[in-house]
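Here is how the chains run, residue by residue.
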Amino acid sequence: MRILAKLLGRIARSRPQPAPAAVPASTTPHPRRNPPHPANVPGPFYVEDGCCLACGIWEDEAEGLLAWLPDAKLPHCYVARQPATDAEFAQMLTAMEINEVDCIRVHGCRPDWAERLRAAGLGGQIDPPEGPATR
Ligand code: SF4
């Protein structure tokens, strides 16, 4: 009996197994963290409040879309202008990609832009349907 069970197990293991379903990590939203900084201009893209490591890494990529808070005791950037064109969206996408703490987020942007963010692996920076974190 034991020999028969072993033989059946060997046959079962030798059959081709279906590949495990791929789970695209980029579509899994991160848990929401901080609410938007109040200095962000209205619109879908925002910088979280209180997350700043003063990376400044966006300065060469998205100047004009992001800016440093003037006269702040601690450095912090904010969204100074929402992207209006595909070229500006590409700048914002780059800033979202290279900043160090995923603190540039988006809620309710154009569906084609959201798709490009997901394709770039930035789906975790898209808010869930209920929107950004609140205070
Ligand atoms: S992207 Fe984030 S960490 Fe970098 S300067 Fe802006 S708020 Fe600070």
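Residues numbered from 1 in each chain as written. Predicted model: local features only at pLDDT ≥ 70, side-chain atom pairs only at ≥ 80, totals over all residues.

Asker: Just give me the short version of the site of the ligand, but keep the residues and values in it.
Answerer: By nearness alone, 15 residues border the ligand, and Cys 52, Cys 55, Cys 77, Asn 99 and Cys 103 come closest of all. Classifying every residue of the shell around the ligand by side-chain character gives 11 nonpolar, three polar and one charged. (Near = placed C-beta within 6 Å. Nonpolar A, V, L, I, M, F, W, Y, C, P; charged D, E, K, R; others polar.)

Asker: Any chance you could break down the nonpolar core for me, citing the residues and the numbers?
Answerer: Judged by nonpolar contacts, the single largest core of 21 residues is most densely connected at Val 47, Leu 66, Val 79, Met 92 and Ala 95. Only strand E1 (45-47), strand E3 (77-79), helix H2 (86-98) and strand E4 (104-106) provide two or more residues apiece to this core. The element that contributes the greatest number of residues to this core is H2, accounting for five residues. When near neighbours in sequence (up to four residues on either side) are disregarded, Met 92 contacts Phe 45, Ala 62, Leu 65 and Pro 83. (Core = buried A, V, L, I, M, F, W, Y, C linked by C-beta atoms within 7 Å. Buried ≥ 20, exposed ≤ 12 C-beta atoms within 10 Å, placed from the backbone. Helix = DSSP H or I, 4+ residues; strand = E, 2+ residues; numbered from the N terminus. Contact = placed C-beta atoms within 7 Å.)

Asker: Let's hear about H2: which residues, and what values?
Answerer: Spacing of three or four residues puts side chains on the same side of an α-helix, whose turn is 3.6 residues. With 13 residues, H2 ought to run about 18 Å at 1.5 Å a step, and its terminal C-alpha atoms sit 18 Å apart, in line with that. Taken together, the buried positions of H2 are occupied by Phe 89, Met 92, Leu 93, Ala 95 and Met 96. Projected down its long axis, H2 carries its buried residues within an arc of 160 degrees, all on one side. For H2, the secondary structure elements touched by its buried residues are E1, strand E2 (66-68), E4 and helix H3 (111-119). (Expected span 1.5 Å × (residues − 1). Arc of directions from axis to C-beta.)

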